[in-house]
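Fold and contact review
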Amino acid sequence: MIRWALLGLIRDRTRSLFPFMVVTVGVALTVALFGFMDGIGSGILDLTSKLDTGHLRFVNKPYYEEEHLIPIDRALAGQKKTHAWLKKNGDPRITWSPRIRWMALMDVPDENGETKSQTPVTGIALDLLNPQSPELERLDLANSIIAGRRPNAPKELLIGYLLAENLEVNLNDTVTLLGQSFDGGMAMDNYKVVGFVKFGIVAMDQKMALMDITGAQHTFYMDDMVTDWLGYLPTSVSYKEYPELQQTIAEHLPEWMQAPPSSWASDDEPIVLTILDQRNLRPMVEKFELIRKVNVMIFAFLMTLVLWNAGLINGVHRYGEMGLRLALGETHWELVRRLAVEAFVVGVAGSIAGCLVGGGFVYYLQEVGVDMGDAMAKSGMMLSDVVRGRLSIDGLLWGGLPGITASVLGNFIASLSVFKRSEASLFRELEVG
Amino acid sequence: MLKIDHVSKVYRVGNQDFTALHDVNLEVPAGAFMSFVGPSGSGKTTLLNLLGGLDKPTEGHVFFRDYCLDDLSREKLAEIRRQHIGFIFQSYNLLPVYSVYENILFPLLLNNEKESAVRDRVKEIIAQVGLEPETHKKPSELSGGQCQRVAIARALVKKPDLVLADEPTANLDKENSLMILDLMQELNREYKAAFIFSTHDEKVNRFVNREVRLEDGYVISDQAVESAPA
Ligand SMILES: Nc1ncnc2c1ncn2[C@@H]1O[C@H](COP(=O)(O)OP(=O)(O)O)[C@@H](O)[C@H]1O
Ligand SMILES: [Mg+2]
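These numbers come from a predicted model, not from an experiment.

Each value, and the rule that gives it
- Residues numbered from 1 in each chain as written.
- Chains lettered and ligands numbered in written order.
- Predicted model: local features only at pLDDT ≥ 70, side-chain atom pairs only at ≥ 80, totals over all residues.
- Heavy atoms only, no water.
- Helix = DSSP H or I, 4+ residues; strand = E, 2+ residues; numbered from the N terminus.
- Rg over C-alpha atoms; globule rule 2.2 N^0.38 Å.
- Buried < 20%, exposed > 50% of the residue type's maximum accessible area, 1.4 Å probe, protein only.
- Contact = heavy atoms within 4.5 Å.
- Lys, Arg positive; Asp, Glu negative; His and termini not counted.
- Charge placed at Lys NZ, Arg CZ, Asp CG, Glu CD.
- 1 Å grid on protein atoms, 1.4 Å probe; cavity = no way out; pocket = protein on both sides within 12 Å on 5 of 7 lines; lining within 4 Å.
- Points joined across faces, edges and corners; volume = space filled by probe spheres on them.
- Nonpolar A, V, L, I, M, F, W, Y, C, P; charged D, E, K, R; others polar.
- Near = heavy atom within 4 Å.
- Polar contact = N/O pair within 3.5 Å; in protein donor to acceptor, adjacent residues only side chain to side chain.
- Areas by Shrake-Rupley, 256 points an atom, 1.4 Å probe, with all protein chains shown as cover.
- Salt bridge = Lys/Arg side-chain N within 4 Å of Asp/Glu carboxyl O.
- Axes fitted to C-alpha atoms, helices over the stretch in contact; angles between N-to-C directions.
- Parallel < 35°, antiparallel > 145°, perpendicular 65-115°, else oblique.
- Left-handed = near helix turned anticlockwise from the far one by under 90°.
- Pairing = 2+ DSSP bridges.
- Phe/Tyr/Trp six-rings, centres within 6.5 Å; stacked < 30°, edge-to-face > 60°.

Next up on the list: the overall build of chain A. Check the secondary structure of chain A and you find 16 helices and twelve strands. Computed over its C-alpha atoms, the radius of gyration of chain A comes to 31 Å, more than 25% above the 22 Å expected for a compact globule of 433 residues. Its C-alpha atoms give chain A principal-axis dimensions of roughly 105 × 55 × 30 Å. When the 433 residues of chain A are sorted by exposure, 53% land in the buried category. Contacts spanning at least 24 positions in sequence make up 77% of the contacts within chain A whose residues lie at least 6 apart. If you average the places of the 39 positive and of the 50 negative side-chain charges in chain A, the two averages end up 10 Å apart.

Here you go:
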């Protein structure tokens, strides 16, 4: 019987092609939009985590509270001890990387040693010298350095390519950094600019400099100190798991605070944050999820509506067939059920096609990306100028399942009209042919 | 096998009652071959409806096999039609997307038969109605007479007790009408199913064993026909 119904679907395209197209288009759009938003969302999370917050962040509370001032005097001492403690008390999947955020005035001299240009820069110091450092891949330095090379000495500097343009800095120029040291004194040091970086985020490319962490520790008198410990998890771990991982570490903290490292100040008190706790990301992520769900619901609703109508048209188209089948002794419910099976088949086929089309688009976005030019970069969001999609099983399910449901539901509602047909008039109706 | 006992059918049109059948009594033995003859509007279709469990009488009872049809639910009536009654329509009502073979197979699928188990039966009846070369053709490729032969095969393939045909020859020319009647007669003998068909064509009476004449909802005559030539 099912085979018989399938033959009908294949041979009579008016009963299958339009519903199939509706489901295909609806599912493709849902999957595409879902993947696109997922791509933007995880793109923001990904970039923010790499450049700024990690997935988890271990930081001194007094520092964090004044973070906008980059108060390096509230950095956390005991680098080695802290690292060991984090490794011991955090989930083994987390990789911890020490960083120092710093701020300084960058002075570019001319040939005569006079100031040619000058600007405040914010910078990150991180492990750049060790060729095995996970930070190299994290910042995609191989590709981000668009001129010059990676530092191989503590007093070498990478700067944003726009910053270099603005200050007319050339490769291998020596610049002077003037800042505040850990103990509140004046810090001043010369660095050699060995490379220009481009992250595709205007704010960073204009203001940012990178150096090895040992350089910063030396320049700012921060021996054995860091401002941040950033914890990174493999991509297989969803951001939804971060709070739980945060919790496990936080639970061990009071115990440590009973006997903190002797190098800590009396009011030093580290805290653990997830990326979602920072930069307003939790509301953003929640908004994204909501938009995605609403979007899926709207598409599912529209699909159901269209398919309901398609079902009604189909009912007119197959009026004679339905009448005949009732006369031959198929009950109304059997008819409705068999039509639902047909709709299910069409829904599955359409959903598969829609997943292929929408998924293909998202896959393209994911692998190739679309260069949105300055629009994105200038938006101030931590989002690179190349927008990428993200293809996931989730995205396909969120598109495909509503496609199948809409097909079955729309058809079911439409097919209920067979109940209005009374057997008593079948002979007369069928006479008309 | 089939009995109609003091049956009346009243249609309500607006707030007017219209009596389409007046106190009809009939008894049809198994294997009968009979016709309802009468002008258009005389109540033939209404009567076939009642016999086939498609409608219920306003008064009186319809008995088929061991059932009293006017007591039964819609579902039970559908089941009886599915299993025991074949239908033939004036305008054939073949399913256009299916081949001759598949159209004839359909009533068997409705009765939960497996195609593999009934394939030979379907092929046999196709041969009996003389459509072997057309087995895999679609209805649109067939003539009217051929379509009606498919419809006859479809009605008979489940070996029903009763075949109801409403004006089966009305859409056919004379030659084809005679061929169809001939075929029905032959299969009536072979399958031992009772055939009842309605017609307003006087010429068909030379085929039937019995003719029931209707006029304005009354049975005006019910007689055996002597000469039923082969
Ligand atoms: N559903 C109905 N409602 C009202 N009147 C009907 C209905 N069906 C049939 N009739 C009337 O009953 C009479 C008999 O109709 P019918 O049985 O179709 O006659 P026949 O088949 O002999 O032409 C006709 O006058 C017709 O108008
Ligand atoms: Mg009629």
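So much for the structure itself; the text now carries on.
The next subject is empty space enclosed by the protein. Residues and elements named next belong to chain A. In the structure shown here, the tally under the stated rule is five cavities of 30 Å³ or more. Each pocket or cavity is described by its volume, and for the largest cavity that value is around 70 Å³. In this structure, the largest cavity is lined by L9, R15, P19, N314, R318, L339, E342, A343, V346, S407 and N411. Secondary structure elements with two or more residues in the lining of the largest cavity: helix 2 (13-53), helix 13 (332-367) and helix 15 (393-415). Ranked by residues supplied to the lining of the largest cavity, first place goes to helix 13 with four residues. Residues that form the lining of the largest cavity fall into these classes: five nonpolar, three polar and three charged.

Close to ligand 1 lie 13 residues; G41, G43, K44, T45 and T46 of chain B are nearest. Near ligand 1, the surrounding residues belong to chains A and B. The contact in question runs from an oxygen atom of ligand 1 to an N or O atom on the backbone of S42 of chain B, over 3.2 Å. The separation between an oxygen atom of ligand 1 and a polar side-chain atom of T45 of chain B is 2.6 Å. Coverage of ligand 1 by the protein chains reaches 69% of its 560 Å² of free accessible surface. Elements with a minimum of two residues in the shell around ligand 1: strand 1 (2-13), strand 2 (16-28) and helix 1 (44-51) of chain B. At three residues, the largest contribution of residues to the shell around ligand 1 is made by helix 1 of chain B. Of the residues belonging to the shell around ligand 1, the class tally is five nonpolar, six polar and two charged.

Next up on the list: the interface of chain A and chain B. Facing 33 residues of chain A, the contacting portion of chain B comprises 31 residues. Linking chain A to chain B there are four salt bridges. The salt bridge involving R82 of chain B is made with E334 of chain A; its shortest N-O contact spans 3.4 Å. In this assembly, chain A and chain B are joined by 14 residue pairs in polar contact (both at pLDDT 80 or more). Taken together, the elements giving at least two residues each to the side of chain A that touches chain B come down to helix 1 (2-11), helix 12 (319-327), helix 13 and helix 16 (426-432) of chain A.

In helix packing, the relevant descriptors are the interaxial angle and the interaxial distance, both defined with respect to the helix axes. All names here are of chain B. Viewed as axis vectors pointing N to C, helix 3 (residues 100-110) and helix 5 (residues 144-156) meet at an angle of 30 degrees, and their least axial separation amounts to 7 Å. Looking at the two axes, helix 3 sits roughly parallel to helix 5. Crossing geometry of helix 3 relative to helix 5 is assigned as right-handed. On helix 5, the residues that touch V100, N103, I104 and P107 of helix 3 are V150, A153 and R154. A class-by-class count of the residues in the contact of helix 3 with helix 5 yields five nonpolar, one polar and one charged.

Consecutive residues of a regular strand have side chains that alternate between opposite faces of the sheet. All names here are of chain B. Burial of strand 6 (residues 85-88) is two-sided: the residues I85 and F87 facing one way and the residues G86 and I88 facing the other way are all buried. Bridge count between strand 6 and strand 7 (residues 162-166): four bridges; the pairing is parallel. Within strand 7, the position partnered with F87 by the bridge is L164.

Here the focus is the packing of aromatic side chains. Scanning the model with the defined rule gives 14 aromatic pairs over all chains in all. Arranged with centres 3.8 Å apart and planes meeting at 10 degrees, the rings of W4 of chain A and Y98 of chain B form a pair that is stacked. With one member in each of two chains, W4 of chain A in helix 1 and Y98 of chain B in the loop between strand 6 and helix 3 form a pair that bridges those chains. With respect to class, W4 of chain A is no different from Y98 of chain B; both count as buried. These aromatic residues form a ring-pair network of at least three members: F58, W85, W256 and W264 of chain A.

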